[in-house]
Amino acid sequence: MIQPTSVVESLCFQAALEAGAGRAAAAALADAVVHAELRGRSSVGVSHLFDYLAGLESGAINGAAVPLISVRGGIIACDAGKGIPHTGFLEAVDTILEVAGTHGCAVFLQNNSYTCGELGYFTDRLAEAGLVSLAAANSPALMAVGSSGRRVLGTNPISFAAPTGQQPFLVDQASSETAFVAIREAAAAGTEIPAGWAVDSHGEPTTDARAAVEGSLLPYGGHRGANMALVAEALAGLAGGLWSVDAPSFTEGRSSPEIGMTVLAINPRFADQAFPLRLGAHLDRLSRDYQVRIPGRRAVGAAGKGVLEIDSGLFEKLQSAAQKNTTRKSGQA
């Protein structure tokens, strides 16, 4: 079904408030999941909001967290206070821009937070502001690396974005063949998953999504994806986050995963003021003359400007979540 983007974002905001988020956190969550939907990343869009709502209700997310930000040289450090990573980042954005504007580069290090959802949300924001950025984050262990078949690393995404004078050039991908939420959705629907996505709890390859949920995801490209997951793990560790294997599950229990995220930001004016336009022209040439698919250039809001196409069942679930406690309170009155 087609719905105005503003309506979906408003419902996401209200649902987060009802689940216990403060206004800043609720606004950040709503903005982030709608951003993912507009980019066609529905697995970390509105459906993923419900993981955050569950975390807020269980106490795994501190909805009233006040990020603690400190600056030392070119490093902006943030303790998320067991809240979501978005509020700390958004509070620090102006400082990141100021430091990068003064020194040519800035590093944002955030720890003690819940999972990041769409990592491209953070790099895209900086690219829109004119910075080249590279981000890495980890997550609770979901992916098998090596011969044990056990979960040892998270899906540990890496994202890169750069201004081009048009839409930012944006790459955002997990280190696994697919996201855990995609496996979970397939399990709920009773559909099979492609070979190479996961192993079962015994470490054996499987196309059974339910068995995969109990097992482990696999890295993309074998050891190459595993290497990138380890790079993301190291950068998340630099920020002070827990290692993936030590982080509590983000879908169970009442404990925050307390993971990390590192964002490197470069001001291209200090290298080449024409870089954004040169990059834009180069990407245009690759797309036009060599038929290269350019990440970040997919149609934003495929249903049309200002509207989103959203599953009717998911929309009804969102509406229910947005009035959950309001309905309960009115019933008690």
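Residues numbered from 1 in each chain as written. Predicted model: local features only at pLDDT ≥ 70, side-chain atom pairs only at ≥ 80, totals over all residues. Heavy atoms only, no water.

Turning to the pattern of salt bridges, a few remarks are in order. Taken as a whole and assessed by the stated rule, the structure comprises six salt bridges. With a closest N to O distance of 2.7 Å, Arg184 and Asp51 form a salt bridge. Taken together, the positions of Arg184 in helix α6 (residues 180-189) and Asp51 in helix α3 (residues 46-58) put the pair 133 residues apart, joining distant regions of the chain. Overall, Arg184 belongs to the partly exposed group, its relative accessible area being 26%. Judged by its relative accessible area of 9%, Asp51 falls in the buried class. (Salt bridge = Lys/Arg side-chain N within 4 Å of Asp/Glu carboxyl O. Helix = DSSP H or I, 4+ residues; strand = E, 2+ residues; numbered from the N terminus. Buried < 20%, exposed > 50% of the residue type's maximum accessible area, 1.4 Å probe, protein only.)

Using the criterion set out here, one finds seven aromatic pairs in the structure. The interplanar angle of 65° and the centroid separation of 6.0 Å between the aromatic rings of Phe160 and Phe169 together place this pair among those described as edge-to-face. Under the relative-accessibility criterion, Phe169 is labelled buried at 18%. Ring centres 6.4 Å apart and planes at 80° place the aromatic pair Phe180 and Phe250 in the edge-to-face group. Here Phe250 lies in the loop between α8 (223-238) and β13 (259-266) and Phe180 lies in helix α6, a separation of 70 residues in the sequence. The buried category is assigned to Phe180, whose relative accessible area is 10%. Directly above the ring of Phe50 sits Lys317, whose terminal nitrogen or CZ lies 4.4 Å from the centroid. (Phe/Tyr/Trp six-rings, centres within 6.5 Å; stacked < 30°, edge-to-face > 60°. Lys NZ or Arg CZ within 6 Å of the ring centre and 35° of its normal.)

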